[in-house]
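Here are the chains, one letter per residue:
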Amino acid sequence: MAKKDRYGLIDLHKEFPNDDACLEHVFDTLHSRQCSCGGTYHKVSGRKKFQCSKCRFQIAPMAGTIFEKSSTPLTLWFHAVLFFSNAKSGISSKQMQRELNVTYKCAYRILKQIREALKQDNDKLSGDVEMDEGFIGGRGNGGTYNKNYSEVMKDKAKVIAAVERGGKMKAQHVPDVSSMSIWQFLEDHIAQNAHLLTDSSNRYDLAVQAHGMKRTAVNHSKKQFVKGDAHVNSVEWFWSHVKKSLKGTFKSVSKEQLQSYLDVFVWHYNNRRNDRQRFEALLGILLPVKG
Ligand SMILES: [Zn+2]
C-alpha cells in the first residue's frame, strides 16, 4: 500500500484532536448543515447538541447511535474504530484493551458492538462467482493420507464462501457441506444468472442442477489449478488468510462465534481501499440509528 493510502494514529489525532472535533464529524455524517428554514447548524458550546442559527431547532447527533449511552469518550471510540479498521487479521479484546488502555470489559464491549454492526448484507453475487468450502479449527490436519481423516474433519467447522470476480465476498458458517447446504447457500447468496466457478467436487452437481446455474469446474486433484479463467484462487486466498488470522490473533474461536468473525473478515475483504476511506466506511456503518 502506498504511503498516501495509509492513515494512522498520528493522522487521526491531527484530524480529530478532541471530542468536539469528533462530534462535528458525527453531525456531518448524519445531517446537513443547512436547515430547511434557510439557517445553518452550529454546535452549542459545552453541549453535545447543534442548533439552527435561524429557527433555533436543535439536533443531538449522538441520539440513537451506539455512542449515545457509552461513557467512553468519542476520541477513544474513533481510536478503536481506526485500530479495528486497520487490523486486517482481526484483533482480540486483549489487544484492544492494551491499545486503548481501558478495562478488559470496556474493550470487549466495544469490539462486540463493532462486530455486531458488520453483519453481511442480503445482496446476491452475480457475474463470474468463485465458490469453495473451507474447514476451520479443530485439532489436527486433514490430508489425504491421514488415517483419522474423517474424525479430524468432523471436528472442524464447515464454511462456504463465494466471491464475485471484481466484486464482493460472502462467507457463511454451515452445518455441513452436503448438497442441501450448498443449495441453500446458492439460494441465499448467488443470483440465478451467475456463472459459478468451483472445484470438481460432485457435492455441487445436484445443488447447481437444481438451481439451473451455469458452472465450470476446475479439477484440483489433477493439478489443473487454472483452466482458462476457471480458478478459485480468490476464495482459497481468503481461507488461508482466515485460518492464519484465527490462529495468530484469536487462538481459539468457538463455533458459536465463528459467523461474527467471518463477517469481519468479509468486511475487510470487501473494503480493500485506503485506510482513511475504510475508517470512514466503518464509522458510517456504526453511526446510523439502531431501530
Ligand atoms: Zn432552522
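Criteria and cut-off values
As a convention, each chain's residues are numbered from 1 in the sequence order in which they are written. At least 70 in pLDDT is required for a residue's local features to be given in this predicted model, at least 80 for side-chain atom pairs to be given and counted, and no such filter applies to totals for whole chains, interfaces and linings, which use all residues. Numbered from the N terminus, helices here are DSSP runs of H or I no shorter than four residues, and strands are runs of E no shorter than two. A residue is called partly exposed when the number of other C-beta atoms within 10 Å of its own lies between 12 and 20, exposed at 12 or fewer, and buried at 20 or more, with C-beta atoms placed from the backbone. Throughout, a residue-residue contact means that the two C-beta atoms, derived from backbone geometry, are no farther apart than 7 Å. The split into domains, and so the bounds of each, comes from an automatic or database assignment of domains. In the scheme used here, Gly and all other residues not listed as nonpolar or charged are polar, with Ala, Val, Leu, Ile, Met, Phe, Trp, Tyr, Cys and Pro taken as nonpolar and Asp, Glu, Lys and Arg as charged. What makes two strands pair is DSSP finding at least two bridges between them. Every crossover in which the path from the first strand over the helix to the second runs clockwise, viewed with the strands pointing away from the viewer, is termed right-handed. Helix axes are fitted only over the stretch in contact, all axes being lines through C-alpha atoms; the angle between N-to-C directions runs from 0 to 180 degrees. Any angle between 65 and 115 degrees counts as roughly perpendicular, while under 35 counts as roughly parallel, over 145 as roughly antiparallel, and the rest as oblique.

## Quick notes on the overall build of the protein chain
Here's step 1: Scanning the protein chain from terminus to terminus reveals eleven helices and eight strands.
Here's step 2: Taking the principal axes of its C-alpha atoms as reference, the protein chain extends roughly 70 × 40 × 35 Å.
Here's step 3: Here the protein chain holds 291 residues, and the buried ones make up 27% of them.
Here's step 4: Contacts in the protein chain between residues far apart in sequence, at least 24 positions, make up 56% of those at least 6 positions apart.

## Quick notes on unusual backbone geometry
Here's step 1: A positive phi angle is found at Arg 56, which is not glycine, with a value near 65 degrees.
Here's step 2: Relative to the assigned elements, Arg 56 resides in the loop between β2 (50–52) and β3 (58–59).
Here's step 3: With 10 C-beta atoms counted inside 10 Å, the residue Arg 56 sits in the exposed group.
Here's step 4: Positive phi, normally seen in glycine, also occurs at Asn 101, with a value near 55 degrees.
Here's step 5: Mapped onto the elements, Asn 101 comes out in the loop between α4 (93–100) and α5 (104–117).
Here's step 6: Taking the number of C-beta atoms within 10 Å as the measure of exposure, Asn 101 has 10 and is therefore exposed.

## Things to note about the domain arrangement of the protein chain
Here's step 1: Domain parsing of the protein chain yields domain 1 (3–117 + 272–286) and domain 2 (128–253).
Here's step 2: In this structure, domain 1 and domain 2 have C-alpha centres spaced 36 Å apart.
Here's step 3: With four residues of domain 1 at the contact, the number on the domain 2 side is four residues.
Here's step 4: A per-class count over the side of domain 1 that touches domain 2 returns one nonpolar, three polar and no charged.

## Section: the pairing of strand β7 (residues 195–199)
Here's step 1: Within β7, four of the five residues are buried, leaving the element largely enclosed by the surrounding structure.
Here's step 2: Looking at chain direction, strand β4 (residues 128–136) and β7 are connected through three bridges and run parallel. Bridging from a neighbouring strand, Val 129 pairs with Leu 196 of β7.
Here's step 3: Two elements, β7 and strand β8 (residues 214–218), share five bridges in a ladder whose sense is parallel. Bridge pairing in β8 places His 195 opposite Lys 214.
Here's step 4: Of the crossover connections in this fold, the one passing from β7 over helix α8 (residues 203–211) to the parallel β8 is right-handed.

## Observations regarding the packing of helix α2 (residues 19–30) against helix α3 (residues 74–86)
Here's step 1: Viewed as axis vectors pointing N to C, α2 and α3 meet at an angle of 65 degrees, and their least axial separation amounts to 8 Å. Between α2 and α3, the angle falls in the class roughly perpendicular. Residues Asp 19, Cys 22 and Leu 23 of α2 form the contact with α3, whose participating residues are Leu 74, Thr 75 and Phe 78.
Here's step 2: Classifying every residue of the contact of α2 with α3 by side-chain character gives four nonpolar, one polar and one charged.

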